[in-house]
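Each chain, letter by letter, is given below.
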Amino acid sequence: MSGSAMLELDRVTYAYGAVPVLRGVSLALAEGESMAIVGPSGCGKSTLLHIIGSLDLPSTGTVRLDGEDFARLDERALAALRNRKIGFVFQLHHLLPQCSVLENVLVPLLVSGVTPAGYQRARRLLDRVGLSGRLGHRPAQLSGGECQRVAVVRALINRPRLLLADEPTGSLDRASAEALAALLAELNRDEGVALICATHSRQLAARLGRVLSLADGVLQSGDGGALA
Ligand SMILES: Nc1ncnc2c1ncn2[C@@H]1O[C@H](COP(=O)(O)OP(=O)(O)O)[C@@H](O)[C@H]1O
Ligand SMILES: [Mg+2]
């Protein structure tokens, strides 16, 4: 595989006990590139994103981000790498219900301390996603689409190199899903952050640079007929 890729997976396998889910996934992603991973429920998309995000280590095979092999880092170094380099967005937003929009977005900065620059970035990104009028709202006071936009800003606050989104539009209505898909594609371009989305959405996949499908534990190019 190319030595210049930002993210490289080499023959990654993963099994839950005796049940193999990934059977040899190889993948290279360049800086700023975007990609959809599609496939039927249960094919292993979330498992693969967890491994790419260093939340789980592969059974065999290697994952490298900026040349660093995850298997050679201890838990502390992995946690630091995740906080600095990787942003996560899930199907459900996982915002803190008792915190405001602005506070939720600042949470990832608490590890290193909220600086004036960090605070300005939070304000700018929330403005960018159309939420500058909602800074003091609690998640329960927002729509599903607005909550997902907050989750996206929270994921981007530390200027990650890689944004991982697991069915980010999966619980939104069609119009909100379309808006979020457009937003993710724009942020990928404007913020220079690489983007991998696991999705069933044709609208979202169509906005990303490449579509790969996960079937029988391996990745193939094309949607494999899996898109809704
Ligand atoms: N914690 C777990 N323990 C055992 N099996 C699991 C666990 N998580 C997922 N699986 C199984 O692994 C397979 C892939 O799951 P997942 O990665 O969630 O797929 P997808 O995200 O594509 O729906 C499924 O068969 C699922 O049942
Ligand atoms: Mg999943």
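Source: prediction; values computed, not measured.

## Some details on the sheet that holds strand S10 (residues 218-221)
Here is step 1 of the chain: Spatial strand order, S6-S7-S8-S3-S9-S10: six strands in an open sheet with mixed pairing. Both edges of this open sheet fall to strand S6 (86-89) and S10, since each of them pairs with a single strand only. Neighbouring strand axes in the sheet, compared pairwise and without regard to direction, differ in orientation by 20° on average.
Here is step 2 of the chain: Summarising the sheet, strand S7 (residues 162-166) and strand S8 (residues 194-198) pair through five bridges and their orientation is parallel. Paired with Ala165 across the two strands is Cys197, which belongs to S8.
Here is step 3 of the chain: On top of the sheet, helix H1 (residues 45-52) reaches strand S3 (34-38), S7, S8 and strand S9 (210-215); it is set at about 155° to S8, its chief contact.
Here is step 4 of the chain: The strands touched by helix H5 (residues 144-156) are S6 and S7; relative to S6, the strand with the most contacts, the crossing angle is about 165°.

## Section: the site of ligand 1
Here is step 1 of the chain: Close contacts around ligand 1 come from Tyr16, Val21, Gly39, Ser41, Gly42, Cys43, Gly44, Lys45, Ser46 and Thr47, and that covers them all.
Here is step 2 of the chain: Top contributing element to the shell around ligand 1 by residue count: H1, with three residues.

## Points about the sheet that holds strand S2 (residues 19-29)
Either a parallel or an antiparallel arrangement is found when strands of a sheet pair, and the pairing is made through backbone hydrogen bonds.
Here is step 1 of the chain: Pairing within the open sheet is antiparallel, and its four strands lie in the order S2-S1-S4-S5. Edge positions in the sheet fall to S2 and strand S5 (68-69), since each has one partner strand and no second.
Here is step 2 of the chain: Pairing geometry for strand S4 (residues 60-65) and S5, over two bridges, is antiparallel. The residue bridging Leu65 from the neighbouring strand is Glu68, located in S5.

## Considerations on the environment of Leu57
Here is step 1 of the chain: The topology assignment puts Leu57 in the loop between H1 and S4.
Here is step 2 of the chain: On the neighbour-count criterion, Leu57 (17 C-beta atoms within 10 Å) is partly exposed.
Here is step 3 of the chain: Once the C-alpha coordinates of Leu57 and Ala155 are considered, the two residues, 98 residues apart in sequence, prove to be 21 Å apart.
Here is step 4 of the chain: For Leu57, the contacting residues outside a window of four places in its chain are Phe70 and Ala71.

## A short note on the pairing of S8
Here is step 1 of the chain: With five of five residues buried, S8 lies mostly within the body of the structure.
Here is step 2 of the chain: Residues Ala194, Ile196 and Ala198 point to one face of S8 and Leu195 and Cys197 to the other, with burial holding for every one of them.
Here is step 3 of the chain: Pairing between S3 and S8: four bridges, direction parallel. Within S8, the residue paired with Ile37 across the bridge is Ala198.
Here is step 4 of the chain: For the handedness criterion, the β-α-β arrangement of S7, helix H6 (residues 174-190) and S8 is classed as right-handed.

Conventions used here
Residues numbered from 1 in each chain as written. Chains lettered and ligands numbered in written order. Predicted model: local features only at pLDDT ≥ 70, side-chain atom pairs only at ≥ 80, totals over all residues. Pairing = 2+ DSSP bridges. Helix = DSSP H or I, 4+ residues; strand = E, 2+ residues; numbered from the N terminus. Axes fitted to C-alpha atoms, helices over the stretch in contact; angles between N-to-C directions. Contact = placed C-beta atoms within 7 Å. Near = placed C-beta within 6 Å. Buried ≥ 20, exposed ≤ 12 C-beta atoms within 10 Å, placed from the backbone. Right-handed = clockwise from strand over helix to strand, strands pointing away.

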